[in-house]
Amino acid sequence: MTLAHDFPVWAAILVAFFVLGGSAITLVGSLGLLRLGTFYARTHAPTLGATMGMGTILCGSALYFSVLETRPVVHEVLIAVFITLTTPVTLMLLARAALYRDRAEGSPDVPAAERMEEAPQRPESAENRSEHEEPAR
Amino acid sequence: MSWLLPYPLLTAALLALWLLLNQSVSPGQIILGSVLAILAAWMMAALRPQKPRIRRPVAVFRLAGIVLVDIVRSNLAVGTIILSARKPGLNAGFMTIPLDMKSPQGLAVLSIIITSTPGTIWLNYDAAKGTLLLHVLDLVDETVWIRTIKGRYERLLMEIFE
């Protein structure tokens, strides 16, 4: 393994470009978490970091270690495969949990369940709560 | 041969995983990896998962290419919305798409494609009606999204799995 100061300049510039580019894309995604209004809209933002942000950072990593060890280092592809397979599962779980709760609360912002089995039972407290809200208006 | 390799694709994928993790293609690692991959496939056989049949391997690569291009394009689109829209997420909304595909493996792959593409998320699939509920960040024209998902992904997935 060579020392860091032997690292060629062209490769250093490319690696920096990939890593900084990937970090910038991930930052935009995190900014989306801050700026987007509803929960469902916010679920779209972190996918930026999990797709292109991850991809460019891994390209930088593969390039750096390939040049440093003067042999192709490609096992970063495993990180890409496992992140791509697991992130959507988490996002779908979160979004479906939100949808289930919104439907249970009878929220008008989400499409209603099309079949009865899908619809969660309205909690008894929903009526009590609306009574409590009346005097407030 | 099928008693030795009940799930040949799984065995091959596990062997590739082993060789990548060890960063070596020496004969010793290939033998060790093969033994482990075959044992793991036997354990998997005890669960009797449904065996996917990949009919057109060429279509797999075409689909992967299309999805890669679409992911880059949606990254740019969603990034632009987050950075430049005065009130981002104003166009966000739910939509329903009728699907013709019934294959569970095809639907699983479609759910991963749709959710990992920025700007769309898979919410609910109604197996009885064959409809899919989506949430889309930039819902200006529903027909564009229906054309993308049915024309670009579902058609290829049906070629592969059905």
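Reading the values: the criteria
- Residues numbered from 1 in each chain as written.
- Chains lettered and ligands numbered in written order.
- Predicted model: local features only at pLDDT ≥ 70, side-chain atom pairs only at ≥ 80, totals over all residues.
- Helix = DSSP H or I, 4+ residues; strand = E, 2+ residues; numbered from the N terminus.
- Rg over C-alpha atoms; globule rule 2.2 N^0.38 Å.
- Buried ≥ 20, exposed ≤ 12 C-beta atoms within 10 Å, placed from the backbone.
- Contact = placed C-beta atoms within 7 Å.
- Expected span 1.5 Å × (residues − 1).
- Arc of directions from axis to C-beta.
- Pairing = 2+ DSSP bridges.
- Axes fitted to C-alpha atoms, helices over the stretch in contact; angles between N-to-C directions.

1. Some thoughts on the overall build of chain B
Moving on, step 1. Helix and strand counts for chain B stand at five helices and three strands.
Moving on, step 2. Its C-alpha atoms give chain B a radius of gyration of 20 Å, clearly above 15 Å, the size a compact globule of 162 residues would have.
Moving on, step 3. If you line up chain B on its principal axes, its C-alpha atoms span 60 × 40 × 25 Å.
Moving on, step 4. Of all 162 residues assigned to chain B, the portion counted as buried reaches 31%.

2. A few points about the overall build of chain A
Moving on, step 1. Of the regular secondary structure elements, chain A holds five helices and zero strands.
Moving on, step 2. Going from N to C terminus, chain A has its helices and strands arranged as α-α-α-α-α.
Moving on, step 3. In chain A, buried positions account for 23% of the 137 residues.
Moving on, step 4. When contacts within chain A are restricted to residue pairs at least 6 apart in sequence, long-range pairs at least 24 apart make up 51% of them.

3. Observations regarding helix 1 (residues 8–22) of chain B
Residues and elements named next belong to chain B.
Moving on, step 1. With 15 residues, helix 1 should reach 21 Å at 1.5 Å per residue; the first-to-last C-alpha distance of 21 Å fits that figure.
Moving on, step 2. All buried positions along helix 1 are accounted for by Thr11, Leu14 and Leu15. In a view along the axis of helix 1, the buried residues occupy a sector of 100°, so they form one face of it.
Moving on, step 3. Buried positions along helix 1 lie against helix 2 (27–47).
Moving on, step 4. A positive phi of about 50° marks Gln23, the residue just after helix 1.

4. Remarks on the interface of chain A and chain B
Moving on, step 1. Contacts between the two partners involve 33 residues from chain A and, on the opposite side, 30 residues from chain B.
Moving on, step 2. Those elements giving two or more residues to the side of chain A that touches chain B turn out to be helix 1 (9–35), helix 2 (39–42), helix 3 (47–68) and helix 4 (76–104) of chain A.
Moving on, step 3. A total of eleven residues in the side of chain A that touches chain B trace back to one element, the largest contributor, which is helix 4 of chain A.

5. Some thoughts on the environment of Ala41 of chain A
Moving on, step 1. Tracing the sequence through the fold places Ala41 of chain A in helix 2.
Moving on, step 2. Taking the number of C-beta atoms within 10 Å as the measure of exposure, Ala41 of chain A has 24 and is therefore buried.
Moving on, step 3. With 54 residues separating them in the primary sequence, Ala41 of chain A and Ala95 of chain A have C-alpha atoms 9.9 Å apart.
Moving on, step 4. Beyond its immediate chain neighbours, meaning those up to four positions away, Ala41 of chain A contacts Leu36 of chain A together with Gly89, Ala92 and Leu137 of chain B.

6. Let's talk about the sheet that holds strand 3 (residues 131–136) of chain B
Moving on, step 1. Ordered in space as 1-3-2 (chain B), the three strands form an open sheet in which the pairing is antiparallel. Strands at the two margins of the open sheet, each flanked by one partner only, are strand 1 (93–98) and strand 2 (120–126) of chain B. Direction aside, the axes of adjacent strands within the sheet are offset by 25° on average.
Moving on, step 2. Most of the contacts of helix 4 of chain A go to strand 2 of chain B, to which it runs at about 65°, and overall it touches strand 2 and strand 3 of chain B.
Moving on, step 3. In the packing of helix 5 (residues 142–161) of chain B onto the sheet, contacts are made with strand 1 and strand 3 of chain B, and the angle to strand 1 of chain B comes to roughly 45°.

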